[in-house]
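In case you want the letters, here they are:
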Amino acid sequence: MSKPQSDVIVLGLGGMGAAAAYHLAARGKSVIGIDRYQPGHRYGSSHGKTRIIREAYFEAPEYVPLVRRAYQLWRELENGSRQALLSIHGLLTIGAPESELVQGVLKSSEMYGIACESLERDEIMRRFPGAVPSEDMVGVYEPTGGLLDPEKCIDVHLDLARRHGAGIRDGERVTSWRSTSAGVEVVTDQDTYRAGQLVITAGPWTGRILSNLELPLECWRVFFAHYDSVKRDYYTPDACPITLWDTPGGSYYAIPYLPGQGMKVGRHDTGDVVDPETMKRTVDVAELRRQTEIIERYMPGSTGRVLEAETCIYTVTPDHHFIIDRHPEDENVFFACGFSGHGYKFASVIGEIMADLAEQGRTEHPIGFLSADRFVAGRS
Ligand SMILES: Cc1cc2nc3c(=O)[nH]c(=O)nc-3n(C[C@H](O)[C@H](O)[C@H](O)COP(=O)(O)OP(=O)(O)OC[C@H]3O[C@@H](n4cnc5c(N)ncnc54)[C@H](O)[C@@H]3O)c2cc1C
């Protein structure tokens, strides 16, 4: 029986994999982390300067314990690295009273006693004059909503992983993997690695890497734009919180005007289904104009000259919940994918969960609702 070269290989070092590599290395495991691109690259799902974090989770209350641990771990990471990664700005969710977003925020905040304020339209406009909901809309304000710096978080996780001895191979593409009697063997375009366990966190490419599982993953091309707001004073973080809008023209997020970044806006509820290898990575003037027109209705003067517009990828499951599990046929292989456009905030706790799974085959974190069983037929 050949000896594994390392305890664990982490395949994919975006938001999730970088955190997994860090947690494993910090626990004294020997780790090899592999990514086909350089950290901070723009081809996957973890680029774009900001990611929202919020606690009153409209998608499902089951995420609340996970996001609470994520907040803690982000703060611990800041303390350990002496880097600022998370900033709190407050978050306002706006939509019709019966909308999925508004109802979802209220449900989670009631179940978990999260301090949120329900606001009528007039009160929203009085407190945040840049936000102009239509007559039939209300809001819920969550003071602890904030922003993470995703590229910096990845850098910090990988830097600390290296300091704990992890070998980070970037610019190296995994071409295949297989189970062996001693664990797993991973072949890249440059080398072959062996390990006891394999953690797969390959974002939009996970469906391809785990093709035999036929996971129902769809890659959506989405885009976001940074604007030099015409009415900047209305949209700085002092004047306007992060906003989530459930409008008849779609769901949008708007991140206040930040120095060097402008105001960032993107659509959340839909995207073109694409292959990450061949997708168009430029943003058309026409699609940008459609977004600008809608957001101007609710945040007049928030847009202006486009400073930057970028594509990104959501890897979406049919129920928009994540998939975290052990491979049904390979007991040494674990995977986390299908983050459906809302996973980044959890990256710190997903790293901890993947480390638990690789180390002990189980985790204390309540992730049963994220199991692949709900999609993979024939599993016990
Ligand atoms: C525009 C946009 C806005 C978003 N906003 C938010 C938000 O506000 N809040 C939030 O919580 N979430 C948000 N999300 C979702 C969140 O960013 C993602 O869920 C998260 O980044 C997914 O991380 P990941 O590690 O799974 O994927 P990725 O970051 O894509 O990482 C996968 C990595 O695997 C590597 N890889 C793939 N195949 C191979 C291979 N064969 N060999 C080697 N390496 C490989 C890739 O190069 C990549 O680096 C947003 C997403 C987008 C696109």
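Analysis parameters
Residues numbered from 1 in each chain as written. Predicted model: local features only at pLDDT ≥ 70, side-chain atom pairs only at ≥ 80, totals over all residues. Helix = DSSP H or I, 4+ residues; strand = E, 2+ residues; numbered from the N terminus. Contact = placed C-beta atoms within 7 Å. Near = placed C-beta within 6 Å. Nonpolar A, V, L, I, M, F, W, Y, C, P; charged D, E, K, R; others polar. Domains from an automatic or database assignment. Axes fitted to C-alpha atoms, helices over the stretch in contact; angles between N-to-C directions. Parallel < 35°, antiparallel > 145°, perpendicular 65-115°, else oblique. Left-handed = near helix turned anticlockwise from the far one by under 90°. Buried ≥ 20, exposed ≤ 12 C-beta atoms within 10 Å, placed from the backbone. Pairing = 2+ DSSP bridges. Right-handed = clockwise from strand over helix to strand, strands pointing away.

Asker: Please clarify how the environment of Gly-146 should be interpreted in this entry.
Answerer: Here Gly-146 lies in strand β8 (residues 146-148). Note: C-alpha distance between Gly-146 and Arg-232 (86 residues apart in sequence) is 20 Å. Once residues within four sequence positions are removed from consideration, Gly-146 is found in contact with Ile-53, Leu-86, Ser-87, Ile-88 and His-89.

Asker: Mind showing me how you'd approach the site of the ligand here?
Answerer: Close to the ligand lie 36 residues, the nearest being Gly-12, Gly-14, Gly-44, Gly-203 and Gly-343. Elements with a minimum of two residues in the shell around the ligand: α1 (15-26), β2 (31-35), β3 (51-53), β13 (218-229) and β18 (304-316). Here the residues of the shell around the ligand are counted per class, giving 17 nonpolar, 14 polar and five charged. Mapped onto the domain boundaries, the shell around the ligand takes at least three residues apiece from domain 1 (6-47 + 150-217 + 319-374) and domain 2 (74-147 + 218-316).

Asker: I keep staring at the packing of α1 against helix α5 (residues 150-163) and nothing clicks. Help me out?
Answerer: The description of two helices packed together rests on the angle between their axes and the distance between the axes. As a packed pair, α1 and α5 sit with axes 8 Å apart at the nearest point and diverge in direction by 25°. The orientation of α1 with respect to α5, classified from their angle, is roughly parallel. The handedness of the crossing between α1 and α5 comes out as left-handed. Contact with α1, carried on its side by Gly-15, Ala-18, Ala-19, Ala-21, Tyr-22, Ala-25 and Ala-26, involves Pro-150, Cys-153, Ile-154, His-157, Leu-158, Leu-160 and Ala-161 of α5 and no other residues of that element. In terms of residue class, the contact of α1 with α5 is built from 12 nonpolar, two polar and no charged.

Asker: In this structure, what is going on with the pairing of β2? I would like to understand it.
Answerer: If a strand is regular, its side chains alternate between the two faces of the sheet. Along β2, five of the five residues are buried, which leaves the element largely enclosed by surrounding structure. The sheet contact formed by strand β1 (residues 6-11) and β2 spans four bridges and is parallel. For Val-8, the partnering residue across the bridge sits in β2 and is Val-31. As a crossover connection, the stretch from β1 through α1 into β2 is right-handed. Of the pairings in the sheet, the one linking β2 to strand β9 (residues 167-170) comprises four bridges and is parallel in character. Note that in β9 the partner of Gly-33 across the bridge is Ile-168.

Asker: Could you clarify how one ought to interpret the sheet that holds β3 in this entry?
Answerer: Sheet strands pair by backbone hydrogen bonding; their relative direction is either parallel or antiparallel. Strand order in the open sheet formed by three strands is β3-β8-β4, with antiparallel pairing between adjacent strands. In this open sheet, the two strands that pair with only one neighbour each are β3 and β4 (86-88). Ignoring which end each strand starts from, the neighbouring axes of this sheet average 30° apart.

Asker: Would you explain the environment of Met-16 in this entry?
Answerer: The topology assignment puts Met-16 in helix α1. Note on Met-16: 34 C-beta atoms within 10 Å, which makes it buried. Excluding its chain neighbours within four sequence positions, the residues that come into contact with Met-16 are Thr-201, Ala-336, Ala-347, Ile-350 and Gly-351.

Asker: Before we go on, may I ask you to explain the pairing of strand β5 (residues 91-95) in this structure?
Answerer: Most of β5 sits inside the fold, with five of its five residues counted as buried. Here β5 shows two buried faces, one formed by Leu-91, Thr-93 and Gly-95 and the other by Leu-92 and Ile-94. Pairing between β5 and strand β7 (residues 138-142): five bridges, direction antiparallel. Considered in β7, the bridge of Thr-93 is made with Val-140. Direction of pairing for β5 relative to strand β14 (residues 242-247): parallel, over a ladder of four bridges. Note that in β14 the partner of Ile-94 across the bridge is Trp-245.

Asker: How do you make sense of the domain arrangement of the chain when you look at a structure like this?
Answerer: By a widespread convention, an interface's size corresponds to the accessible area lost as its parts come together. When cut into domains, the chain gives domain 1 (6-47 + 150-217 + 319-374) and domain 2 (74-147 + 218-316). The distance between the C-alpha centroids of domain 1 and domain 2 comes to 28 Å. Each partner contributes residues to the interface: domain 1 has 20 residues there, and domain 2 has 16 residues. Of all the elements, α5 adds the most residues to the side of domain 1 that touches domain 2, at four residues. Its residues assigned to classes, the side of domain 1 that touches domain 2 comprises eight nonpolar, 10 polar and two charged.

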